[in-house]
Amino acid sequence: GIIGSGWVASPVFDDRHWDEAKQAAGQRAWYILVDFDVLLDADQEPILPRAQLNAGVFGSMHWDTQTSGIVILDKVAKRLEVEWKRLLKVKASLRGVPKARRSNLN
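Here we summarise the structure given alongside this text.

About the cut-offs
Residues numbered from 1 in each chain as written. Predicted model: local features only at pLDDT ≥ 70, side-chain atom pairs only at ≥ 80, totals over all residues. Heavy atoms only, no water. 1 Å grid on protein atoms, 1.4 Å probe; cavity = no way out; pocket = protein on both sides within 12 Å on 5 of 7 lines; lining within 4 Å. Points joined across faces, edges and corners; volume = space filled by probe spheres on them. Helix = DSSP H or I, 4+ residues; strand = E, 2+ residues; numbered from the N terminus. Nonpolar A, V, L, I, M, F, W, Y, C, P; charged D, E, K, R; others polar. Contact = heavy atoms within 4.5 Å. Polar contact = N/O pair within 3.5 Å; in protein donor to acceptor, adjacent residues only side chain to side chain. Core = buried A, V, L, I, M, F, W, Y, C linked by side-chain atoms within 4.5 Å. Buried < 20%, exposed > 50% of the residue type's maximum accessible area, 1.4 Å probe, protein only. Salt bridge = Lys/Arg side-chain N within 4 Å of Asp/Glu carboxyl O.

1. Observations concerning the layout of surface pockets
Here's step 1: Volume-wise, the largest pocket comes out at about 1200 Å³.
Here's step 2: Considering the residues around the largest pocket, the lining is formed by 30 residues, among which Gly4, Ser5, Gly6, Ile70 and Ile72 are closest to the centre.
Here's step 3: Of all the elements in the fold, those that place two or more residues in the lining of the largest pocket are strand S1 (4–8), strand S3 (28–31), strand S4 (34–39) and helix H2 (74–93).
Here's step 4: Here the residues of the lining of the largest pocket are counted per class, giving 19 nonpolar, eight polar and three charged.

2. So, the environment of aspartate 14
Here's step 1: You can see aspartate 14 is positioned in strand S2 (residues 13–16).
Here's step 2: Spatially, the C-alpha atom of aspartate 14 lies 6.5 Å from that of arginine 28, the residues being 14 residues apart in sequence.
Here's step 3: Ignoring sequence-local partners within four residues, the contact set of aspartate 14 consists of Arg28, Ala29 and Trp30.
Here's step 4: A polar side-chain atom of aspartate 14 sits 2.7 Å from a polar atom in the side chain of arginine 28.

3. With respect to the nonpolar core
The nonpolar side chains of soluble globular proteins are, as a tendency, buried together.
Here's step 1: Counting residues in hydrophobic clusters, the biggest one holds 12 residues: Ile2, Val38, Leu40, Leu48, Leu53, Phe58, Met61, Trp63, Val76, Leu80, Trp84 and Leu87.
Here's step 2: Looking at this core element by element, the count peaks at four residues for H2.
Here's step 3: Those residues in contact with leucine 87, other than ones at most four positions away along the chain, are Leu40, Pro46, Ile47 and Leu48.

4. Things to note about the pattern of salt bridges
Here's step 1: Scanning all chains against the criterion turns up five salt bridges.
Here's step 2: In this structure, arginine 28 engages aspartate 14 in a salt bridge whose closest nitrogen and oxygen atoms are separated by 2.7 Å. You can see arginine 28 sitting in strand S3 and its partner aspartate 14 sitting in strand S2, a full 14 residues away along the chain.
Here's step 3: For arginine 28, a relative accessible area of 47% gives the class partly exposed.
Here's step 4: Since its relative accessible area comes to 36%, aspartate 14 is described here as partly exposed.
Here's step 5: Linked by salt bridges that have partners in common, Arg79, Glu83 and Arg86 make up one network.

Read these as spatial facts, not as claims about activity.
Structure below.
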């Protein structure tokens, strides 16, 4: 699912690969820095579930690409913003509610 939102904070750059075996083989990887405005803990709070990304307008987007740097279609991005704001409202309403009771409130 989707656990965060933010802005790209750097140009793309290459550095040592994150996988130690690939790093040992001399492979490198591409990165960007991100400034998150929201980053949720999926174990502790509600997130935008992956299954929701298959429904409606979200279904027109290929979410399971094996590459990075994909562009989200405008119609999908607009709907995603609406759903993200809704989720953050739900999250705000759950402050102070024990985790065991949250599943009934989502």
